[in-house]
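# Observations on the three-dimensional arrangement
Below, each chain spelled out in residue letters.
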Amino acid sequence: MRWKTVARVGACLCVAAAGAIGSVDILADRVVRAAFDRVGALGKSPTADQVSVESGALLLRGLKWTMAGASVRIGSVRLSPDAKNSFLGGSAWALDASGSLSLENVAIDTAFESFKIRRIDLAGASNSAGELALIFDPQSSTPFADRLAGLSAATVAIPELIASTKFASIEQTTTYRDILLKDVVRGKAAAVTVEGASFSINGAELGESEGAYGRMIAKAVDLVLAARIMAGSISDPAEAKSLLYDEAEIEGFHLSNTRAHFEIGAGAIKAAGVRGRPMRADRAGAAADAVQEAERSFPSFYADLFDSVAIDQLKISDLKFNADGDRPARVSIGEIAIKGFRDRRIEALEIENLDFASHAAKIGVEKLAFQGIGVARLQNALGPMQGKSLETAVGAVGPDSAPPFEVLALNGLHAAVADARPGREGSRCEFAASRLEFRGAYHADGAPARIDALLEHLTYRLDQGGDAAPKALASMGYSELDLSSHIAMAWDEKSRDLAVETITFQGADMGSLRLSGLLSNVSRDLFTTERTTAIVAALAATVKKIDLSIENTGFFDRLLVSQAERQHKSIADMRRTYARAAGVYLPMLLENGPAAQTISAALAQFIANPKTFHMVVAAPEGLSLADLTAIQAPGALLTKLQVEATANE
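Residues numbered from 1 in each chain as written. Predicted model: local features only at pLDDT ≥ 70, side-chain atom pairs only at ≥ 80, totals over all residues. Heavy atoms only, no water.

### Side note on the overall build of the protein chain
When you go through the protein chain residue by residue, the secondary structure sums to 18 helices and 27 strands. Taken across its 649 residues, the protein chain has 44% of its residues classed as buried. Partitioning the intrachain contacts of the protein chain with sequence separation of at least 6 by distance along the chain shows that 63% fall at a separation of at least 24. As presented, the protein chain carries roughly 31,000 Å² of accessible surface, and 56% of it is formed by carbon and sulfur atoms. (Helix = DSSP H or I, 4+ residues; strand = E, 2+ residues; numbered from the N terminus. Buried < 20%, exposed > 50% of the residue type's maximum accessible area, 1.4 Å probe, protein only. Contact = heavy atoms within 4.5 Å. Areas by Shrake-Rupley, 256 points an atom, 1.4 Å probe, with all protein chains shown as cover.)

Structure below.
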């Protein structure tokens, strides 16, 4: 029997909520399905302890059959007269006028999974008894999914289904209550509902975990496609994904573990536009090898899964995680939304109202959003891991396989982190940021084509103490740092040029510094995560141009006042001191060349009236880091450069 497939359609979001545990269940389930499809080949006919006619209906008791690694038992099957066919294949029996079929005490056992179904009631069927017998005939050589396409019924009801799974050291028992399929037409159900489910998980490391799901409902469920996904592998590699169900919802989820002192809960889980197709690899092997094969196939299973599933939208609301014990922590998320998961890509991942609290930190985020997440690199890394353990696969997947994203946007960050500095024990360092945004465009192999990063209003109160820099700023009259920055770069693979469009830092009541430039001979090795390779690539790159702009909106004025007070001088005297350093000492340091005189004159003008300073340095032949280390005197360096410098223009 395949009734667990029907039940699991209504509970399909369990996989998203339970992660790896759901995947274990799927792998086990497929072993059962493959075993059924082999019954006919094995030639093992079902037998019944008693066949009788009661009240004009055919009643089979003790129906059972066995096969390698699996056994099926049905306490009773009830049919009514005038059939063209039956389970036993030769009697003439048919459904009664109500079009009903009932099975009681159904049990399915395999090497590591068992299912117990107290009762199955099919009502309002438009199929004849012969057609129903053919659909559920365990000896049929026709795949069950193809036979299921002929099923039509007003309702299929399962009051209770108990699934027990043993995978390695993990045992799981799940009880589904009141499963109901409505308006089934040619293997497609208008709705599947499950009134609730409870489960327990026992593991050697974590002990016993208990949990429950609230009411579940799925609409426009394709039972035929679900059976194909669960029972077999894809026959046509070019097969498109088809709609598995239109929408589904789980009204609440909860999981707790007393030994590990944690609990997880969610208010609701909703999905829409879920599409799928059978996976490439058929993991249903011989029952004796099923557990070992499932453990070995985990990495490639997930790689295969990326290509077999598409989701228009998945939302989890009111998610909470609580951990007690030696290091208590609390995490709450208002909503997680995944949009457009298809073709090795997630269009958007959005997290709203994230709060984290522990003894070491309290962090809050109003919204965190990713766009254009590519999973191809991760999938390609996992694909060849067939036959390796999950731990081995995780260790082999390096940073280069991390999924890239096109946009990251974080709004409303507030953080308070425990201060570990001596004398500050028990206090917290607080900071906030209104917005952090990162945008990236990438070449096919993952090398960046463009990077654009923005930070707006990173604030930090200076009265929290700290090192010399915060104290110096506080002495200048600042009570809070309010910083913003913007970085934009573009790399042309063909020309090997890296254009630094802007590196900008801006402080409220301070001013701004903007740097741009051009680097040449930049290879893709500069962007690798392999440190030695990246260093070699950086040493080979050459600087062609640097453009520096400074705008003062208060910092230099406060600096003069602070220095004048510290040295007990007037502001005018302090300004003359700095002007003398720029006009006399700096040219001497730079060997009094033309470029030195240009820089010196502009700096002296800026000190006299600090508004703006602009300098452009060009190296027509390019300067590498190796060139800079070989040049001993600053004056010799300036002879290789073209320098322009102005102030207050």
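### Things to note about a nonpolar patch on the surface
Nonpolar side chains collect at one region of the surface, where Ile535, Leu539, Leu625 and Leu628 lie side by side and expose about 340 Å² of accessible area between them. Within the residue set of the nonpolar patch, elements represented by two or more residues are α13 (531–540) and α17 (625–630). Among the secondary structure elements, leucine 628 is positioned in helix α17. (Patch = residues over 30% accessible without salt bridge, like charges linked within 9 Å, V, L, I, M, F, W, Y side chains within 5 Å. Salt bridge = Lys/Arg side-chain N within 4 Å of Asp/Glu carboxyl O.)

### Here we look at the pattern of salt bridges
For the structure shown, the criterion picks out 22 salt bridges. A salt bridge links arginine 215 to glutamate 195; the nearest nitrogen and oxygen atoms lie 3.1 Å apart. Taken together, the positions of arginine 215 in the loop between β9 (207–213) and β10 (216–222) and glutamate 195 in strand β8 (residues 188–203) put the pair 20 residues apart, joining distant regions of the chain. One salt bridge in this structure joins arginine 524 and glutamate 493, with 2.0 Å as the shortest N-O distance. You can see arginine 524 sitting in the loop between β24 (511–520) and α13 and its partner glutamate 493 sitting in the loop between β22 (480–492) and β23 (497–507), a full 31 residues away along the chain. Look at arginine 524 and you get partly exposed, because its relative accessible area is 28%. One connected set of salt bridges, linked through shared partners, spans Glu104, Arg119 and Asp121.

### Points about helix α15 (residues 571–589)
Here α15 is 19 residues long and its end C-alpha atoms lie 26 Å apart, about the 27 Å a rise of 1.5 Å per residue gives. Most pronounced at alanine 582, the bend in α15 amounts to some 30°. In this fold, the buried residues of α15 make contact with α14 (555–566) and α16 (594–608). Backbone geometry just downstream of α15 places glutamate 591 in the positive-phi region, at approximately 70°. (Expected span 1.5 Å × (residues − 1). Bend = angle between axes of the 7 residues up to and from the residue.)

### Examining the packing of aromatic side chains
Per the stated rule, a full pass over the model turns up 10 aromatic pairs. A centroid spacing of 5.4 Å and a plane angle of 40° characterise the contact between phenylalanine 199 and tyrosine 213, whose relative ring orientation is tilted. Taken together, the residues span a long stretch of sequence, with phenylalanine 199 in strand β8 and tyrosine 213 in strand β9 at a distance of 14 residues. A residue is classified by how much of its surface remains accessible, and phenylalanine 199, at 8% relative accessible area, is buried. Their ring planes at 75° and their centres at 5.8 Å tell us that phenylalanine 405 and phenylalanine 438 sit as a pair that is edge-to-face. Highlighted residues: phenylalanine 405 in the loop between α11 (390–396) and β19 (407–418) and phenylalanine 438 in strand β20 (residues 428–442), separated in sequence by 33 residues. (Phe/Tyr/Trp six-rings, centres within 6.5 Å; stacked < 30°, edge-to-face > 60°.)

### A short note on the packing of α14 against α15
Axes are the key here: two packed helices are described by the angle between their axes and the distance separating the axes. Two elements in contact, α14 and α15, have axes whose closest approach is 9 Å; the angle formed by their N-to-C orientations is 105°. One finds that α14 runs roughly perpendicular with respect to α15. Residues Leu560, Val561, Gln563 and Ala564 of α14 form the contact with α15, whose participating residues are Ile571, Met574, Arg575 and Tyr578. The residue makeup of the contact of α14 with α15, split by class, is six nonpolar, one polar and one charged. (Axes fitted to C-alpha atoms, helices over the stretch in contact; angles between N-to-C directions. Parallel < 35°, antiparallel > 145°, perpendicular 65-115°, else oblique. Nonpolar A, V, L, I, M, F, W, Y, C, P; charged D, E, K, R; others polar.)

### Points about the environment of isoleucine 535
Residue position: isoleucine 535 is located in helix α13. Using a relative accessible area of 43% as the deciding quantity, one classes isoleucine 535 as partly exposed. Each C-alpha atom of the pair isoleucine 535 and aspartate 525 lies 8.8 Å from the other, and the pair is 10 residues apart in sequence.

### Structural notes on the side chain of threonine 542
Secondary-structure assignment places threonine 542 in strand β25 (residues 542–552). Accessibility expressed as a relative area gives 15% for threonine 542, which makes it buried. Beyond its immediate chain neighbours, meaning those up to four positions away, threonine 542 contacts Leu518, Leu519, Ser520, Asn521, Gly622, Leu623 and Ser624.

### What to know about the side chain of glutamine 563
Inspection of the secondary structure assignment puts glutamine 563 in helix α14. With residues up to four places along the chain from it excluded, the contact list for glutamine 563 reads Met574 and Tyr578.

### A few points about the environment of leucine 349
Within the secondary structure layout, leucine 349 lies in strand β17 (residues 345–358). Each C-alpha atom of the pair leucine 349 and isoleucine 336 lies 7.3 Å from the other, and the pair is 13 residues apart in sequence. Setting aside chain neighbours within four positions, we find leucine 349 in contact with Ile336, Ala337, Ile338, Leu368, Ala369, Phe370 and Ile373.

### Thoughts on the pairing of strand β18 (residues 361–374)
Pairing of β17 with β18 involves 11 bridges; the strand directions are antiparallel. Residue pairing across strands places alanine 357 opposite lysine 362, the latter belonging to β18. Connecting β17 to the next strand, β18, in antiparallel fashion are two residues. (Pairing = 2+ DSSP bridges.)

### Comments concerning the packing of α15 against α16
Where α15 meets α16, the closest approach of the two axes is 8 Å, and the angle between their N-to-C directions is 175°. Taken as axis vectors, α15 and α16 run roughly antiparallel relative to one another. For the pair α15 and α16, contact is made by Arg575, Tyr578, Ala579, Ala582, Gly583, Leu586 and Pro587 and by Ala596, Gln597, Ile599, Ser600, Leu603, Ala604, Ile607 and Ala608, respectively. Looking at the contact of α15 with α16 residue by residue, the classes come out as 11 nonpolar, three polar and one charged.

### Some words on the pairing of strand β26 (residues 612–624)
Note on strand geometry: in a regular strand, side chains alternate between the two faces of the sheet. As paired elements, β25 and β26 share nine bridges and run antiparallel to each other. Directly across from isoleucine 546, in β26, lies its bridge partner valine 617. Where β26 meets strand β27 (residues 642–647), six bridges bridge the pair, whose relative direction is antiparallel. Each bridged residue has a counterpart across the sheet, and for phenylalanine 613 the counterpart in β27 is alanine 647.

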